[in-house]
Structures are given as C-alpha cells and as structure tokens.
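# Residue-level structural notes
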Amino acid sequence: MNQNNTQSSGYLQLKQGAYLIRLKLIKWEVTMAQDAKQYIAEALLQLMEKKDLKEIHIKDLVAKAGVSRMSYYRYFSSKEEILQYYMKYILERYMNTVEQNNANSFHSYEHILQSLLFFQQYKHFALCLHKAGMDSLLLDALNDYIRKQPAFDEHKCIRSYPFYFYAGALYNIFMQWILHDTVDSAEDLAQIIARLRL
C-alpha cells in the first residue's frame, strides 16, 4: 500500500510537471505570436513613412519585419488588418495605463490631459492612418470607447447623441492637433476639450 501511494504520488508529480511545462510552452507561443505581430506592425509603419500603403509589397514587409511570409499570413490577411491590430494594441495599452490609473471622469481636465499625452506618443501611427485614408479607425475606436461609458444608453438615441458628438469632437481636435505638428501644448488643448461638457 505504501508503494502504491509512492507510485501515485510520483505519477501526480510527473503529471503536474508536464502541465507546468505545457503552460510555459503556451506562454512562450503567445509571446512569440505577439512579438511577430508587433514586428510586422512596426515594419509596416516604417514602410508607410516612405510609400503609400498600396505600394507596399508583402515581401518587403516581411523582410523589414524579419519574419517569414508564413508568419505574416498566419496572423494577418491584409495590410489593413495590421493597422486594425495596431489600433487595438494601442487601445489595450491605453486601458491598462491611463484608464486604470485615473480615478477622474473621462471628460475631466486631468483625464483628457493624460489621454492626450498618451496618444501623442502614437501620433506617427495616426498620421500613417491619415495618409492611407484610414483615419476612420481612430473615430471607430473613440466611438467604441464612448459606448463603454456608464452613462451611455444605446437604447435611448436621444441620450447617445451627445456622446457621439463628443467622440467626433475629440477625433477632429486630435487629428488637427497632430496634423499641425502638436504646436499647441497638450495642457492648452485639454482645457479646450474639458469645456465641451456632455
């Protein structure tokens, strides 16, 4: 009986060890996939500095990213999908930094200022979207964000209109700000936006 318990215990330890190895392998595969996606997205943005999106070939993109064509097609079906992925990546970073560390309401001066400073880091991406005629990705992202606000009520259109107005205003102000090379300070811009109350 003692020998059976020892064998059973050894089997459980072996099974647990195999499970931990599998977990580490899964984490490694997820990390590798995220890295490959990131390399591809960053390479596309670098290429977009010199060429229009339509002129960028997959062979040039994968060479710049340092990944295989197979990796590209494993994760993306188009260059536009890469830009959508990168927009989602930025929003996830935003939610994990600004949103989680900010107790202020989304239309307070402090929150707006932190948001502007965060997104200013990605102005190159926004300019690439604008050049490619895909800056509506930014407006779509803002609309999605606005819809997640507690006071938003999609079932009562009359209550949702001010939110869409605010999202459109934020989008247009941000785009004009970066198109004019952010010559006005983020603080001045945040004061203007904070005056637009819902």
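In case you missed it, the structure is sitting above this.
The following refers to the structure shown.

Bringing the overall build of the protein chain into the picture now. Each helix and strand counted, the protein chain has nine helices and zero strands in total. Counted from the first residue to the last, the protein chain has its helices and strands arranged as α-α-α-α-α-α-α-α-α. Sequence separation of at least 24 residues holds for 64% of the intrachain contacts in the protein chain that already meet a minimum separation of 6.

Relative to the helices and strands, L44 is located in helix α1 (residues 2–48). Taking the relative accessible area as the measure of exposure, L44 reaches 0% and is therefore buried. In sequence terms L44 and H57 are 13 residues apart; their C-alpha atoms lie 9.9 Å from each other. Each residue touching L44, except ones within four places of it in the same chain, is listed here: L53, I56, L61, K79, I82 and L83.

Once that is clear, we can look at the side chain of H111. Here H111 shows up in helix α5 (residues 109–120). A polar contact is formed between the side chain of H111 and the side chain of Y94, at a distance of 3.5 Å.

Moving on, we get to the packing of aromatic side chains. The way to describe two aromatic rings as a pair is by their centre distance and the angle between their planes. Counted by the stated rule, this structure contains 13 aromatic pairs. Measuring from centroid to centroid gives 6.0 Å for Y94 and Y145, while their planes differ by 80 degrees, and the two rings are edge-to-face. Residue Y94 is located in helix α4 (residues 79–99), and its partner Y145 is located in helix α7 (residues 136–147); the two are separated by 51 residues in the primary sequence. Relative accessible area serves as the criterion here: at 4%, Y94 is assigned to the buried category. Aromatic rings pair up to connect Y86, Y89, Y94, F118, F119, Y122, F125, Y145, F174 and W177 into one cluster.

Turning to the nonpolar core, a few remarks are in order. Residues L83, L116 and F125 are the most contacted members of the largest nonpolar core, which totals 57 residues. If you tally residues by element for this core, the top one is helix α8 (residues 157–179), at nine residues. Those residues in contact with F125 that lie beyond four places of it in its chain are L45, L83, Y86, M87 and I90.

With respect to the element layout, S115 can be found in helix α5. Given a relative accessible area of 11%, S115 falls into the buried group.

Attention now goes to helix α9 (residues 186–194). Considered for burial, the residues of α9 that qualify are A186, L189, A190, I193 and A194. Projected down its long axis, α9 shows its buried positions confined to an angular sector of 135 degrees, all on one face. In the core, the buried residues of α9 are packed alongside α5 and α8.

A word on the side chain of S115. A distance of 2.8 Å separates the side chain of S115 from the backbone oxygen of H111, its partner in a polar contact. Those residues within four positions of S115 in sequence are excluded, and the remaining contacts are Y94 and V98.

Turning our eyes to something else, we now look at α8. Helix length check: α8 (23 residues) gives 32 Å between terminal C-alpha atoms against 33 Å at 1.5 Å per residue, within 8%. Looking only at α8, the buried set comprises S160, F163, Y166, A167, G168, A169, L170, Y171, F174, M175, W177 and I178. Of the surrounding elements, those touching the buried residues of α8 are α5, α6 (123–131), α7 and α9. Among the residues trailing α8, D181 stands out with phi positive, at a value near 60 degrees.

How each quantity is defined
- Residues numbered from 1 in each chain as written.
- Predicted model: local features only at pLDDT ≥ 70, side-chain atom pairs only at ≥ 80, totals over all residues.
- Heavy atoms only, no water.
- Helix = DSSP H or I, 4+ residues; strand = E, 2+ residues; numbered from the N terminus.
- Contact = heavy atoms within 4.5 Å.
- Buried < 20%, exposed > 50% of the residue type's maximum accessible area, 1.4 Å probe, protein only.
- Polar contact = N/O pair within 3.5 Å; in protein donor to acceptor, adjacent residues only side chain to side chain.
- Phe/Tyr/Trp six-rings, centres within 6.5 Å; stacked < 30°, edge-to-face > 60°.
- Core = buried A, V, L, I, M, F, W, Y, C linked by side-chain atoms within 4.5 Å.
- Arc of directions from axis to C-beta.
- Expected span 1.5 Å × (residues − 1).

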